[in-house]
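Descriptive analysis of the structure
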Amino acid sequence: MRFSIKLLAGLHANYPSASCTLDHRSPLELLVATILSAQCTDERVNRLTKDLFRKYRKASDYVRVPREELELDIRPSGFFRNKARSIAAACEAIMDRHGGKVPDRMDDLIQLAGVGRKTANVLLGSWFGKPAITVDTHVKRLSGRMGLTHQTDPVQIERDLMRILPDGEWTFFSHSMILHGRQVCKARRPGCEDCFLVDDCPFPGSSEGKKFISPK
Ligand code: SF4
C-alpha cells in the first residue's frame, strides 16, 4: 500500500496532465481511434484521423461506405482489413442497438465488435468520466515490474490494480503509466537510473531487473 501511494504521488509529480493521447472530439471518434491504435502508434493514428474524421462523422458513415473504401482510408494504421471490419460492425451495432450513440456501460461496450475491456475502459475513463483502468502493453509491463500484480492476464491485472488503487485515480493511473512506459520504463531497457521509483521499485533489485542495469 505504501508503495502504491508513493507511486501515485510520483506519477502526479512527473505527469501532472497525463491524458489520452489519441485525438478525438466525440466518443465515436475515440472508439474508432482506439480500434485503429492496435499495433500502431498514437502519432500515426492522429495523422490518419485528421482527414478520416472530416469524412466520417456518424456511425452510419462507416456502415454505408463500401468496405474497400474504408479499408483504403485506414490503411496506414496496419491490419486495415480487420480494423475496417471491426469499425463497421461496431458502428452497425451502435446504430441498431443504441440509436447511433456510443453506449457508456462496460457491458454494452464489450458487446461491440472489436471492442474488448481495454478499448471499453479507454472510452469509460477518457470520455465518459467513469473510473477505468486500461491495461495496455505498458500498464501490463510496468505493473509486473513494480510488483503491483503477479498476473499476466489483462483482466486479472485490472482486478489487482482496482484492489490497490483508489477508484478516483484509476484513469489518471492508466494514462500516466503509459507515459512512464513510453518515456522511462521502456520494454527493452528500463531507465531505472532516471526513474523516481528507483529506490522503491522491486524490479531493479530483482534477478530479472539486474540484467538491465549496466555495471558501473
Ligand atoms: S525503477 Fe526501473 S523498473 Fe522500476 S518503474 Fe522505474 S524504470 Fe521501471
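What you see is a predicted model, and the numbers here were worked out from it, not measured in a lab. (Residues numbered from 1 in each chain as written. Predicted model: local features only at pLDDT ≥ 70, side-chain atom pairs only at ≥ 80, totals over all residues. Heavy atoms only, no water.)

Describing the nonpolar core
Ranked by internal contacts, the top residues of the largest apolar core, which has 36 residues, are Leu52, Tyr62, Ile74 and Ile87. Elements with a contribution of two residues or more to this core: α2 (27-36), α3 (42-55), α4 (59-64), α5 (67-74), α6 (80-98), α7 (106-109) and α8 (117-126). By size, the runner-up hydrophobic cluster in this structure holds 28 residues, among which are Leu11, Ala18, Leu148 and Cys201. (Core = buried A, V, L, I, M, F, W, Y, C linked by side-chain atoms within 4.5 Å. Buried < 20%, exposed > 50% of the residue type's maximum accessible area, 1.4 Å probe, protein only. Helix = DSSP H or I, 4+ residues; strand = E, 2+ residues; numbered from the N terminus.)

Overview of the domain arrangement of the chain
You can read the domains of the chain as domain 1 (2-17 + 134-202) and domain 2 (27-126). For domain 1 and domain 2, the distance between their C-alpha centroids amounts to 27 Å. With eight residues of domain 1 in contact, the opposing surface of domain 2 contributes seven residues. Between domain 1 and domain 2, a total of about 610 Å² is buried, with carbon and sulfur atoms accounting for 46% of that surface. As a salt-bridge pair, Arg182 and Asp42 come within 3.0 Å of each other at their nearest N and O atoms. (Domains from an automatic or database assignment. Contact = heavy atoms within 4.5 Å. Buried area = accessible area lost by both parts, 1.4 Å probe. Salt bridge = Lys/Arg side-chain N within 4 Å of Asp/Glu carboxyl O.)

Some remarks on the pattern of salt bridges
Throughout the structure, instances matching the rule amount to 14 salt bridges. A salt bridge links Glu69 to Lys55; the shortest N-O distance between them is 2.7 Å. Within this pair, whereas Glu69 is found in helix α5, its partner Lys55 is found in helix α3, the two being separated by 14 residues in sequence. Accessibility expressed as a relative area gives 41% for Lys55, which makes it partly exposed. Asp107 serves as the salt-bridge partner of Arg105, at 3.7 Å between the closest nitrogen and oxygen. Exposure remark for Asp107: the relative accessible area of 47% places this residue in the partly exposed category. The structure contains a network of salt bridges with shared partners spanning Lys55, Glu69 and Asp73.

Remarks on helix α1 (residues 2-14)
With 13 residues, α1 should cover 18 Å at 1.5 Å per step; its first-to-last C-alpha distance of 18 Å lies within 8% of that length. Within α1, burial applies to Phe3, Ser4, Leu7, Leu8, Gly10 and Leu11. On an axial view of α1, the arc spanned by its buried residues comes to 165 degrees, and they lie on one face. Opposite the buried face of α1, by more than 90 degrees, sit the exposed residues Arg2, Ile5 and Ala13. In this fold, the buried residues of α1 make contact with α10 (154-164) and α11 (170-183). (Expected span 1.5 Å × (residues − 1). Arc of directions from axis to C-beta.)

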